[in-house]
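Chain residues, written in single-letter form:
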Amino acid sequence: MRKDLVRETIFGRIVHLVSGGKLFPPAEQRDPSRLQRYTVTKSASTSATSVSASSDVPLVEKRNPEKGNDYELVDWLENDSENPRNWSTTKKFFVTFQICFLTIAVYIGSAIYTAGVQGVMQQFGVSDVAALLGLTLFVLGYALGPMVFAPMSEMPFFGRSPIYISTLALFVVLQLGVIYAKNFGMLLAFRFITGFIGSPVLATGGATIADMYAPKKQAYGISIWGIAAVCGPALGPVVGGFAAESKGWQWTIWELMWLSGACLIFLIFFLPETSSSNILYRRTMRYRKLTGNPNLKCEAEIEAEGMSSKEIVQIILIRPFTLSFTEPIVFLLNLYIALIYALLYLWFESFPIVFIGIYNFSLGTSGLAFLGLLVGALITLPPFFWYLHQYQEPLFNENGDIKPEHRLTPAFVGAFFIPICLFWFGWSARTSVHWIMPIIGSSFFSIGAFCLFISVLAYLGDAYPKYVASVYAGNDLVRSAFGACFPLFANAMFTRLGVGWASSLLGFLSIVFIPIPFVLYYYGERIRAKSKMARHDL
């Protein structure tokens, strides 16, 4: 195992601290001459850059603000190996895999609970609607959590990795509160808390991907992460069905605890920090200590110095809400993705009605019906990658930028697959039709959700690059809030209207939203031009 793979992990940083700096030393400690290479000289009057051709000459950017405080800017070297954008492809793939693992380990916690709803009803003597609050509050928890954790991850002194690890550790331990709940109120309280605590990756996973990949390649990484986000809830009933049938509802939570616990151990040893602001901030602190020069500063640190504590709190707590409800682009796309997640969680509640009630599946085998969603997502990936390579990559300019609206074209296809799925599923779910037909129909939902999810996240990231984590947090808030509420009336709707007409109603609702990506494709640039927070130069 190469040391540079472990050095930036939580394990590597703790070992370095405990060993007094002897183990896993940073680059400048192994090669002190590197201290002279991390800066660039700028004229304070012209801001023109002057770079020496000799690597032996210190490259220092000196600035002289009006306050009269000189500082020397610590920045990336050209081809700096510690810059996540310059990591090897293998390392980027490995970190992407870890973010997907973490996403599944948390996201599966929502739907895995549904396999044990009957057991919760029996143990606590509650109705099916009340029992579903365990799902609703969990989803609501991971709607609210990113509004705090995502902006924190943008702060240079926090970074992403410590937030992922610390919250996941709590997520694992607090599952015991769900398992050993003494009453229904305690169960619901811990379901909400675990959803809240486990939420960071659900919003900032995309930002972590963006940390590593250049804009031209980000869609590939985000699409892999999108598979995990789409399939996480779908795998819950598959994993939990047989456990709930054989051992009771608590075993679904034990499985969640084991999976997330294994993920925690893996991430402690192998997940490095990806936030460039945090890496440069810690590098600057080390340089100041080694050189005794208090004027060494990084860009993020300089920006933070001009902010009061009140402004920092406002960024953490207010910015995601501001972006979500005052930016028309963000609001419309959040609303669309919220509809998709609401339909997903509401529609999930029809699976027991269809496969247990109509096709006489057992509780365990009914969970296998969700595999259609997984298959749909997986078969979408190869043609999507082909589209990115053949059509989207050539649209990038020489600076590696693309007009954000070009990211929306896959949504044109995905928008139609949602109603196709719902109509197919609803009217094929009958005793005279083989059970494989509604499962095939369900796969179209993954295709549509995947294309919409990836397009929207890529578009929002390109349109609001300075606030990407906050934008994603707002997106998670809106979609999860809708996903939390809709399942509460699912059983009543499917029972009273029947599977066919209930699914059709959802299909007609999804048709209403189809124009959104088309409207933004043609008018998004004009809308961005009027925004104070969106990017205007593309």
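Residues numbered from 1 in each chain as written. Predicted model: local features only at pLDDT ≥ 70, side-chain atom pairs only at ≥ 80, totals over all residues. Heavy atoms only, no water.

Undergrad: It is not clear to me how helix α8 (residues 161–179) should be interpreted in this structure. Could you clarify?
TA: One full turn of an α-helix is made of 3.6 residues, so residues set three or four places apart face in the same direction. Over its 19 residues, α8 runs 28 Å from end to end, which matches the ideal 27 Å to within 8%, given 1.5 Å per residue. Where α8 bends most, at Val172, the angle is about 25 degrees. Buried positions along α8 lie against α2 (10–18), α4 (89–111), α7 (133–154), α9 (184–197), α10 (200–212) and α12 (250–270). (Helix = DSSP H or I, 4+ residues; strand = E, 2+ residues; numbered from the N terminus. Expected span 1.5 Å × (residues − 1). Bend = angle between axes of the 7 residues up to and from the residue. Contact = heavy atoms within 4.5 Å.)

Undergrad: What is the right way to read the packing of α8 against α9 from this model?
TA: Packed helices, taken two at a time, are described by the angle their axes make and the gap between the axes. Where α8 contacts α9, the axes come no closer than 9 Å and their chain directions differ by 170 degrees. Compared by their axis directions, α8 and α9 come out roughly antiparallel. Facing α8, whose interface residues are Thr167, Leu170, Phe171, Leu174, Gln175, Gly177 and Val178, α9 presents Met186, Leu187, Phe190, Arg191, Ile193, Thr194 and Ile197. (Axes fitted to C-alpha atoms, helices over the stretch in contact; angles between N-to-C directions. Parallel < 35°, antiparallel > 145°, perpendicular 65-115°, else oblique.)

Undergrad: Just checking my understanding: could you explain the environment of Tyr164 for this structure?
TA: In this fold, Tyr164 is placed in helix α8. Among the residues examined, Tyr164 registers a relative accessible area of 3% and is labelled buried. When the C-alpha atoms of Tyr164 and Pro200 are compared, they prove to be 6.5 Å apart, with 36 residues separating the residues in sequence. Ignoring anything within four residues of it in the chain, the contact list for Tyr164 reads Ile99, Leu102, Pro200, Val201, Thr204, Gly205, Thr208 and Leu271. For Tyr164, the side chain forms a polar contact with the side chain of Thr208, separated by 2.6 Å. (Buried < 20%, exposed > 50% of the residue type's maximum accessible area, 1.4 Å probe, protein only. Polar contact = N/O pair within 3.5 Å; in protein donor to acceptor, adjacent residues only side chain to side chain.)

Undergrad: Explanation requested: the packing of helix α22 (residues 436–463) against helix α23 (residues 468–485) in the structure shown.
TA: α23 packs onto α22 with a crossing angle of 145 degrees between their chain directions and a minimal axis gap of 9 Å. Here the hand of the crossing between α22 and α23 comes out right-handed. Of the residues in α23, those touching α22 at Phe453, Val456, Leu457, Leu460 and Gly461 are Val468, Val471, Tyr472, Asn475 and Arg479. Grouping the constituent residues of the contact of α22 with α23 by class yields seven nonpolar, two polar and one charged. (Left-handed = near helix turned anticlockwise from the far one by under 90°. Nonpolar A, V, L, I, M, F, W, Y, C, P; charged D, E, K, R; others polar.)

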